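# Per-entry structural report
Chain residues, written in single-letter form:
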Amino acid sequence: NTVFDFNNNNIQRSRAIATNFFADANSPFTKSISGRPRNNTIGTAGTVGSAASVGFPVRVQNEGRIPVTMAVTGNTIRESSGFTAINVNHGISITSGTGATNMTITGNTVNKVDSGRGVLVQQVDMTTANQNAGTLCADIRSNSFTNIAGQGGDGTIIRVRESNNTNVGPHNVT
């Protein structure tokens, strides 16, 4: 089990994913992650791609559907080139656990995402018949977004997506 507090870091000019919190799809599925990426500065205003040039500035990837509780709070994210600023994925594997991804995304300042959204939270389960896909819960509030292009320039700031798979678990958003 992993518990962390990723606090008050200055991350600049990451080529790929600036901060990656990842749960693989390998057993045992009894492991868990609990953490707080908070009060970090990712990227510099006016420096294109300084948050991440070919990846997400913040990514939470729960491929294994293990219990994940994460609070992404108080971060400043500037100048993401081509990718959503805060990206959360729950499940992608057929052989995985049934745990919940519980996300709190609050008090973040996101500025200048030139091709992507401010926040994307998605349940992307690939399960077989009668398999428990786990649950994705997201509390998204009190964030500030400016100059967000959206996917393909559509202006979308926040997207919450549930897989079209017939075996997805509950998807709760507040």
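See the structure above.
To keep things clear, this report deals only with the structure shown in the data block. Quantities reported herein were computed from a predicted structural model and do not represent experimental measurements. Residue positions are given per chain, counted from 1 along the sequence in the order it is written. Selection of residues for local features in this predicted model requires a pLDDT of at least 70, selection of side-chain atom pairs for listing and counting requires 80 or more, and totals for whole chains, interfaces and linings are taken over all residues. Side-chain figures throughout are based on the complete set of non-hydrogen atoms in the structure, without hydrogens or water.

## Focus: the pattern of salt bridges
We count a salt bridge whenever a side-chain nitrogen from Lys or Arg sits within 4 Å of a carboxyl oxygen from Asp or Glu. Evaluation of the coordinates by the stated rule reveals four salt bridges. The shortest N-O distance in the salt bridge between Arg141 and Asp139 comes to 3.0 Å. Residue classification places Arg141 among the partly exposed positions, given a relative accessible area of 46%. On the basis of relative accessible area, Asp139 is assigned to the buried category, the value being 18%. Within this structure, Asp5, Arg36 and Arg38 form a network of salt bridges that share partners. Classification of residues uses two cut-offs on accessible area relative to the type maximum, computed with a 1.4 Å probe and protein chains only: under 20% is buried, over 50% is exposed, and between them is partly exposed.

## Concerning the pairing of strand S6 (residues 58-62)
Among the five residues that make up S6, five are buried, leaving the element largely enclosed by the rest of the structure. Helix numbering and strand numbering both begin at the N terminus, where a helix is a DSSP run of H or I of at least 4 residues and a strand a DSSP run of E of at least 2. Burial along S6 is two-sided: Val58, Val60 and Asn62 facing one way and Arg59 and Gln61 facing the other are all buried. By the bridge criterion, five bridges tie strand S3 (residues 19-23) to S6 in an arrangement that is parallel. Counted as the bridge partner of Phe22 is Gln61 from S6. Pairing analysis gives five bridges linking S6 to strand S9 (residues 86-90), with the strands arranged parallel. Bridge pairing in S9 places Gln61 opposite Asn89. Following DSSP output, two strands are said to pair if at least two bridges run between them.

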